[in-house]
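# Understanding the architecture of this molecule
Chain by chain, the residues:
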Amino acid sequence: QVQLVESGGGSVQPGGSLRLSCSASGSILSINAMGWYRQAPGKERELVASAFSGGTINYADSVKGRFTLSRDYAKNTVTLQMNSLRPEDTAVYYCNLNGRTRYRYGSGDYWGQGTQVTVSS
């Protein structure tokens, strides 16, 4: 099985910072992309930032310049540094891995359980 262990999250005031980390384990053959999505109440799950196999990192327009995603290829981890947080960043954040494992044929998506990020005064 593939396990995505998330850490970080919590409650912070506007303008504050949080750091989310995700570590993947299991029989992972290859990773196409690894990053973070989020889902706010009443909204669809959306991409926050993801690091792709080609080395590119995609960010949602709403977080560009504020969030930074880093990936440690040796440890199969990603870290999302979130600065200048806004109330609209409040959501459940989910770690995502898209890749090949021994458990499925072809590539598939794997998800963490989600961690709450709350930005309020």
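Everything here concerns the structure above.
A quick note: this is a predicted structure, and the numbers were derived from the prediction, not measured.

Spatial strand order, β1-β3-β8-β7: four strands in an open sheet with antiparallel pairing. The open sheet has two edge strands, β1 (3-7) and β7 (67-72), and neither has a second partner. Ignoring strand direction, the axes of neighbouring strands in this sheet form an average angle of 15°. Where β1 meets strand β3 (residues 18-25), five bridges bridge the pair, whose relative direction is antiparallel. Along β3, the bridge assignment pairs L4 with A24.

The next point concerns unusual backbone geometry. In this structure, N76 is a non-glycine residue whose phi angle is positive, near 55°. By the secondary structure assignment, N76 is in the loop between β7 and β8 (77-82). According to the relative accessible area criterion, N76 is partly exposed, its value standing at 24%.

A word on the nonpolar core. Formed by 30 residues in total, the largest nonpolar core has its most connected members in L4, M34, W36, L80, M82 and Y93. Only β3, β4 (28-39), β5 (46-52), β7, β8, β9 (91-101) and β11 (115-119) provide two or more residues apiece to this core. If sequence neighbours within four positions are ignored, L4 has contacts with C22, S23, A24, M34, C95, N96, L97, Y110, W111 and G112.

Moving on, we come to the pattern of salt bridges. Evaluated as defined, the whole model comprises four salt bridges. Note that D89 and R66 form a salt bridge whose closest N and O atoms lie 2.7 Å from each other. Remark: R66 occurs in the loop between β6 (57-59) and β7 and D89 occurs in the loop between β8 and β9; sequence separation between them is 23 residues. Accessibility classification places D89 together with R66 in one group, the buried group. Sharing partners across several salt bridges, the network here consists of R38, E46, R66 and D89.

With that settled, the discussion passes to the environment of T115. Positionally, T115 belongs in strand β11. The class of T115 is buried, set by a relative accessible area of 14%. Among residues more than four places away in sequence, those in contact with T115 are E6, G8, G9, L20, W36, A91, V92 and Y93. A polar contact of 3.2 Å, which involves the side chain of T115, links it to the backbone oxygen of G8.

Before going further, it helps to spend a moment on the state of the cysteines. Applying the stated criterion across every chain yields a total of one disulfide. A sulfur-sulfur separation of 2.0 Å characterises the disulfide bridge that pairs C22 with C95. Taking the torsion about the S-S bond as the criterion, the C22 to C95 disulfide, at about -85°, is left-handed. Here C22 is found in strand β3, whereas its partner C95 is found in strand β9, with 73 residues between them in sequence. Taken individually, C22 and C95 each receive the classification buried, so the pair is uniform in this respect.

Conventions we followed
Residues numbered from 1 in each chain as written. Predicted model: local features only at pLDDT ≥ 70, side-chain atom pairs only at ≥ 80, totals over all residues. Heavy atoms only, no water. Pairing = 2+ DSSP bridges. Helix = DSSP H or I, 4+ residues; strand = E, 2+ residues; numbered from the N terminus. Axes fitted to C-alpha atoms, helices over the stretch in contact; angles between N-to-C directions. Buried < 20%, exposed > 50% of the residue type's maximum accessible area, 1.4 Å probe, protein only. Core = buried A, V, L, I, M, F, W, Y, C linked by side-chain atoms within 4.5 Å. Contact = heavy atoms within 4.5 Å. Salt bridge = Lys/Arg side-chain N within 4 Å of Asp/Glu carboxyl O. Polar contact = N/O pair within 3.5 Å; in protein donor to acceptor, adjacent residues only side chain to side chain. Disulfide = S-S within 2.5 Å.

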